[in-house]
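# Close look at the chain arrangement
Chain by chain, the residues:
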Amino acid sequence: MSAALRVLDTQYSFYGGEWKSLENCSRSRAAAACATCASPAGAVGAKACLSLLEALCDAAFEVSLETSGALDVEPVDPRVSRVVDLKTPDSGEARRNRLDNLDMLRGRDQVKLVLCSRADYEWARDLLRSRPQPLPCQVLFSPVWGRLEPRELAEWILEDRLDVRLQLQLHKLLWGDQPGK
C-alpha cells in the first residue's frame, strides 16, 4: 500500500464492528443495507459476497454495494445499486481501475471519485469528457479531507460546468478523524 493511499483511507474503519446474521438483520427496522465487500468478483470471498448481496435483496432490503474501481461489477445482482469508487492518480491506485465497469452502470448506480488535487480533478474531468456518451448514473466528486478544500473543488466544477455532484465526507466534517463516528 502506498504512503499516499494510507493518508487517503480511514484505517480504523477496516477493523472492528460486529458480525450479524442475515436473520438478525431482517429483524431490524432497517430498510436498506450497504455492503463494502472487498472482492465482489475476484479472489477469495467473491462467492460469499455475491451470495450475501443476493440474500439481502431476497430479504427485501434496498441494497447497495460500495466497491473499488478495480473490481468487476458485472456479476453483481442487478437489484443491487453499485457505487464504483474510481481511484485517481494521486491515490497511487489509478492503474488498478477497471474502466470497463463504467459501461456496465445503470441509472441507479453511482461513480465516486475522491480527489486530492487539481491534477486529480483534471484527470477525472477529462475521463468524463472523453466518453462517447455521458454516464447514465450520478457522478460524485469528493475532496480528500485535509488535502483539497471543498470550496476550491466546487469552483472548478462550476467553472467547467460539469454535471457532477459535490460530495463531502459528512462524518469528517462533524467528527474529524475520531474513530467510531
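Residues numbered from 1 in each chain as written. Predicted model: local features only at pLDDT ≥ 70, side-chain atom pairs only at ≥ 80, totals over all residues. Heavy atoms only, no water.

### Observations regarding the packing of helix 4 (residues 118-130) against helix 5 (residues 150-160)
Where we set the bar: Every angle, taken between N-to-C directions, lies between 0 and 180 degrees, and every axis is a line fitted to C-alpha atoms, over only the stretch in contact when it is a helix. Secondary structure elements are taken from DSSP: a helix is a run of H or I of four residues or more, a strand is a run of E of two residues or more, and numbering for both begins at the N terminus. Crossing chirality is assigned from the near helix's rotation relative to the far helix, an anticlockwise turn below a right angle marking it left-handed and a clockwise turn marking it right-handed. It only takes one pair of heavy atoms within 4.5 Å for two residues to be counted as in contact. Think of it as three bins: nonpolar holds Ala, Val, Leu, Ile, Met, Phe, Trp, Tyr, Cys and Pro, charged holds Asp, Glu, Lys and Arg, and polar takes everything else, Gly as well.
Relative orientation of the contacting elements helix 4 and helix 5 amounts to 30°, with a least axis distance of 11 Å. Our pair here, helix 4 against helix 5, has a crossing hand that is right-handed. Contacts between helix 4 and helix 5 involve Arg 118, Tyr 121, Arg 125 and Arg 129 from the former and Leu 153, Trp 156, Ile 157 and Asp 160 from the latter. Of the residues in the contact of helix 4 with helix 5, the class split is four nonpolar, no polar and four charged.

### Remarks on unusual backbone geometry
The following threshold applies: Per-residue accessibility, obtained with a 1.4 Å probe over protein chains only, is compared with the maximum for each type, and a residue is labelled buried under 20%, exposed over 50%, and partly exposed between these values.
The backbone phi angle of Ala 60 is positive, close to 75°, even though this residue is not glycine. One can find Ala 60 in the loop between helix 3 (46-58) and strand 2 (62-68). With phi around 55°, Arg 161 is a residue other than glycine that occupies positive phi space. Judged by its relative accessible area of 77%, Arg 161 is exposed.

### A few points about the sheet that holds strand 5 (residues 138-143)
For clarity, the threshold we go by: Here a strand pair is declared whenever DSSP counts at least two bridges between the two strands.
One open sheet holds the six strands; their spatial order is 1-2-3-4-5-6, and the pairing between them is parallel. Sheet topology places strand 1 (32-35) and strand 6 (165-166) at the edges, where each strand pairs with a single neighbour. In this structure, strand 5 lies alongside strand 6, joined through two bridges in parallel fashion. Bridge pairing in strand 6 links Leu 140 to Arg 165.

### A closer look at helix 5
As a reminder, the rule being used: As used here, the arc belongs to the directions running from the helix axis to the C-beta atoms.
Within helix 5, the full set of buried residues consists of Leu 153, Trp 156, Ile 157 and Asp 160. In an axial view of helix 5, the angular spread of the buried residues amounts to 100°, which keeps them on one side of the axis. Away from its buried face by more than 90 degrees, helix 5 exposes Arg 151, Leu 158 and Glu 159. Buried residues in helix 5 make contact with strand 4 (110-115), helix 4, strand 5 and strand 6. A positive backbone phi angle near 55° is found at Arg 161, which sits one or two residues after helix 5.

### Focus: the confidence of the model for the chain
Spelled out, the test is: Per residue, pLDDT captures the predictor's confidence, and it can take any value from 0 to 100.
When pLDDT is averaged across the chain, the result is 84; 83% of the residues are at 70 or more. Residue range residues 1-9 is modelled with pLDDT below 50. Its contacts to residues more than four positions away, or to other chains, number 15 contacts.

### A few points about the nonpolar core
Counted only if it meets this: We call a set of buried residues a nonpolar core when its members are Ala, Val, Leu, Ile, Met, Phe, Trp, Tyr or Cys and they connect through side-chain atoms within 4.5 Å of each other.
Counting residues in each nonpolar core, the largest one holds 21 residues, and the members touching the most others are Val 111, Leu 113, Leu 115, Tyr 121, Phe 141 and Leu 153. Those elements giving two or more residues to this core turn out to be strand 3 (81-86), strand 4, helix 4, strand 5 and helix 5. Ignoring sequence-local partners within four residues, the contact set of Leu 113 consists of Leu 86, Thr 88, Trp 123, Ala 124, Val 139, Leu 140, Phe 141 and Ser 142.

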